[in-house]
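# Remarks on the overall topology
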Amino acid sequence: MAHHRLTIPTLLASVGLVGAQCTTETFTNILADSAEATVNFAQVVPQNGTFRQGQPNGAFTTDVTQLPALCAVGVNVKSSENSSYNFGLFLPDSTWNERFMTTGNGGLGGGINWPDMAAFSRYGFASMSTDTGHLSEADDGSWALNAPESIIDWGYRAMHGSVVLSKDIITKYYAEKEGIKYSYYASCSTGGRQGLKEIQLHPESFDGISVGAPAWWTPHLAGATLWQGLYNQPESDPKHIDPSLFPMVTAEMIRQCDPQDGLTDGIISDPYGCNFDFETMLCTDTKTDKCLTAAQLTTLYKFYNDWVDTDQEFVFPGISIGTDATFLMAGVSGLGSDFATYFVHNDTDYDFTKFTYKDVQLSDAINPGSATADDFDLSPYLKRGGKILKYHGLADSLIPTGSSMYFYKQVQRTLLPKGIDLDDFYRFFLIPDMGHCAGSSKGPWFIAGGSQVSNGITGATHSVPGFEDAQHDIILAMMSWVEGDKAPDQLIATKYVNDTVDLGVQIQRPLCPYPKQAKHISGDPNLPESWECKSLY
């Protein structure tokens, strides 16, 4: 099959025209055969206009601006006798590219992700997000108390129901004979989990998915998040590490591990290959400041190593070397405590400070909302021609990078014996120095992944400004693979000066399909051509 270079102009070259008016009546008629669905609103947004939902929207409260001319639609779906979910659609007027893009959510939160939908609408996609059946911030799980049906909506039901109805709406609204040519998904964190869960249950939903730092192992991730916060408590305990010491820890890790990756540049490119000596931080009789006691060192060692419990049972990966411990160890996150309290025990009197591995085992048995995306046999998705691009920051302080590596290896163990090469449909990219889903103080991280445009970058409305092609933009890379059979052998990540587009490019480097790594060959390390993806074996 001939390869082609996919760019934004190519993407917009063939556009659909609206076949119906943007009115509540239009969408009520489209959904006439769906008794459970009710149209909340239909709103015309002019070129370069702003959309305001006009009602509470949980984790996503920011107005979205600079939109293409489009129709904004809100739909409510009754999912049980005492639960329902909403989803939103952005339907471009004259710039529809005959493709459908779904995006996801974050943490335990609920709300329609209008910001990411806006970014995708600027490519020309008809875009959709669901509120997963509730409204809350990402770290607030109190909505789950005595609400098992809402937990199911959050786990998977709202996503699938929204995808099915959205496809029907889009097809009828545009009145295109061929309907939607391709369907895609892009999101990060819980959004990454949602994408993996959907293709595991319903391989036909998406032709390609781009997922970052997926929170796929729900009971274990939530349990580890709580456990990591608790073992640095109480503050009176000799093992407690004051958060003021964490910058010293991170600096020492960079000092030791940065040179070991072959280039001293303030970036740890291979934290899992670093031979780190924790004991260099020990206090002595001559070193009493900015150091750790033996008890504190034990606490730190637990954080940066895998959690192994009863009968040497592997529970969850530790945080990667070089990652700032502040978020998880400075206090207890609601992402862990609320999950245990409301999803697992369903009891406001539950004392999460008494949490143990037995709570993880109970959570496994319950699997709240069947949210865990642990069906490692992805061969049905391969057989339908689906493609997966996954990425994870190597300095993720919320979801350990090792959890994505563990998932990849479990899929590998499942499919390789069947003669399936994962590179044929599933490629995984590690991003040095990137935190959770987005952001890095020194390293190139921007690939226009889900939530990246709306978080941490100034001056980008969509794609990678100045580099709107499949080599730099993971959305275009996904499309190029699905539509042009061009698999990405690397992605080029970009860092703008102060993460501001107008200030220009500071550094670009290639990201390599796991387990390959980018190695500096010669020349300016800030230029991608100075690097090469190499196998370690």
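So, how was this worked out
Residues numbered from 1 in each chain as written. Predicted model: local features only at pLDDT ≥ 70, side-chain atom pairs only at ≥ 80, totals over all residues. Heavy atoms only, no water. Helix = DSSP H or I, 4+ residues; strand = E, 2+ residues; numbered from the N terminus. Rg over C-alpha atoms; globule rule 2.2 N^0.38 Å. Buried < 20%, exposed > 50% of the residue type's maximum accessible area, 1.4 Å probe, protein only. Contact = heavy atoms within 4.5 Å. Pairing = 2+ DSSP bridges. Axes fitted to C-alpha atoms, helices over the stretch in contact; angles between N-to-C directions. Polar contact = N/O pair within 3.5 Å; in protein donor to acceptor, adjacent residues only side chain to side chain. Left-handed = near helix turned anticlockwise from the far one by under 90°. pLDDT = per-residue confidence, 0-100. Disulfide = S-S within 2.5 Å. Phe/Tyr/Trp six-rings, centres within 6.5 Å; stacked < 30°, edge-to-face > 60°. Expected span 1.5 Å × (residues − 1).

The next subject is the overall build of the protein chain. Scanning the protein chain for helices and strands turns up 14 helices and 17 strands. Rg of the C-alpha trace for the protein chain: 23 Å, near the compact-globule value of 24 Å for 537 residues, within the 12% margin. Considering only C-alpha atoms, the protein chain reaches an extent of 80 × 60 × 50 Å along its principal axes. Out of the 537 residues belonging to the protein chain, those deemed buried represent 60%. Once local pairs closer than 6 in sequence are excluded, the contacts in the protein chain between residues at least 24 apart make up 68%.

Now for the sheet that holds strand β13 (residues 426-431). Here we have 9 strands laid out as an open sheet, ordered β1-β4-β5-β7-β6-β8-β9-β12-β13, and mixed in their pairing. What marks the edges here is a single partner per strand, and that holds for β1 (37-45) and β13. On average, each strand axis in the sheet is inclined to that of its neighbour by 15°, with strand direction left out of account. Relative to β13, strand β12 (residues 387-393) runs parallel, the two being bridged by 6 bridges.

On to the side chain of Ser-166, then. Assignment of secondary structure puts Ser-166 in helix α4 (residues 148-174). At 2.7 Å, the side chain of Ser-166 forms a polar contact with the backbone oxygen of Ser-162.

Let us look at the packing of α4 against helix α5 (residues 190-201). Pairs of packed helices are described in terms of their axes, by the angle between the two and the distance that separates them. Orientation of α4 relative to α5, taken along the N-to-C sense of each, is 65°, at an axis distance of 10 Å. Helix-helix and strand crossings are classified by hand; for α4 and α5 the assignment is right-handed. Across the interface between the two elements, Trp-154, Gly-155, Tyr-156, Met-159 and His-160 from α4 touch Thr-190, Arg-193, Gln-194, Lys-197, Glu-198 and Leu-201 from α5.

Right, let's talk about the confidence of the model for the protein chain for a bit. Counting all residues, the mean pLDDT for the protein chain is 94, and 96% of those residues have values of 70 or more. Confidence drops under pLDDT 50 across residues 12-17; counting only partners more than four residues distant or on other chains, this segment forms 19 contacts.

The next subject is the state of the cysteines. Applying the stated rule across the entire model yields 5 disulfides. The partner cysteine of Cys-188 in its disulfide is Cys-437, sulfur to sulfur 2.1 Å. For the disulfide bridge between Cys-188 and Cys-437, the dihedral angle about the S-S bond is near -95°, and by the sign convention the bridge is left-handed. With Cys-188 in strand β8 (residues 182-188) and Cys-437 in the loop between β13 and α14 (474-484), this residue pair connects regions lying 249 residues apart in the sequence. Take Cys-188 and Cys-437: they sit in the same class, and that class is buried. The disulfide that involves Cys-512 links it to Cys-533, with 2.1 Å between the sulfurs. Between Cys-512 and Cys-533, the disulfide has an S-S torsion of -85° and is therefore left-handed. Pair noted here: Cys-512 is in the loop between β15 (505-511) and β16 (517-520) and Cys-533 is in strand β17 (residues 531-534), with a separation of 21 residues, a long-range link. Each member of the pair, Cys-512 together with Cys-533, is buried. By sequence-ordered numbering of the bonded cysteines, the protein chain has its disulfides arranged as 1-2, 3-8, 4-5, 6-7, 9-10.

The subject of this paragraph is the packing of aromatic side chains. Each pair of aromatic rings is reported with the distance of its centres and the angle of its planes. One pass over the structure, following the stated rule, counts 42 aromatic pairs. Ring centres 6.3 Å apart and planes at 70° place the aromatic pair Trp-307 and Tyr-357 in the edge-to-face group. In this pair, Trp-307 is assigned in strand β10 (residues 307-309) and Tyr-357 in helix α11 (residues 357-366), connecting sequence segments 50 residues apart. Take Trp-307 and Tyr-357: they sit in the same class, and that class is buried. Three or more aromatic residues joined by ring pairs form one cluster here, namely Trp-216, Trp-217, Phe-314, Phe-316, Phe-376, Tyr-406 and Phe-407.

With that settled, the discussion passes to the environment of Met-128. Counting through the fold element by element, Met-128 comes out in strand β7 (residues 126-130). Sequence separation of Met-128 and Cys-22 is 106 residues, and the distance between their C-alpha atoms is 16 Å. Other than its neighbours up to four places away in sequence, Met-128 contacts Phe-87, Gly-88, Leu-89, Phe-100, Met-101, Thr-102, Thr-103, Met-117, Ser-162, Val-163 and Ser-166.

Turning to helix α13 (residues 401-415), a few remarks are in order. Taking 1.5 Å as the rise per residue, α13 with 15 residues should run 21 Å; its terminal C-alpha atoms sit 22 Å apart, in good agreement. Among all positions of α13, only Thr-401, Gly-402, Ser-403, Ser-404, Met-405, Phe-407, Tyr-408, Gln-410, Val-411 and Leu-415 are buried. Elements in contact with the buried residues of α13: α5, β11 (313-316), α12 (379-383), β12 and β13.

We now examine unusual backbone geometry. Of note, the bond from Gln-233 into Pro-234 is cis; its omega dihedral lies within 30 degrees of zero at -5°. Structurally, Pro-234 can be placed in the loop between α6 (218-230) and α7 (246-257). Notably, Asn-48 is not glycine yet its phi reads approximately 60°, a positive angle. Examined against the element boundaries, Asn-48 turns out to sit in the loop between β1 and β2 (49-51). Not every positive phi belongs to a glycine, and Gln-312 is a case in point at roughly 60°. When you line up the elements, Gln-312 lands in the loop between β10 and β11. Using a relative accessible area of 67% as the deciding quantity, one classes Gln-312 as exposed.

This next bit is on the pairing of strand β14 (residues 491-496). Residues in a regular strand project their side chains so that they alternate between the two faces of the sheet. In terms of burial, β14 is largely enclosed, as 6 of its 6 residues are buried. Burial of the side chains of β14 extends over both faces: Leu-491, Ala-493 and Lys-495 are buried on one face and Ile-492, Thr-494 and Tyr-496 on the other. The pairing of β14 with β15 spans 6 bridges and is antiparallel. Note that in β15 the partner of Lys-495 across the bridge is Ile-507.

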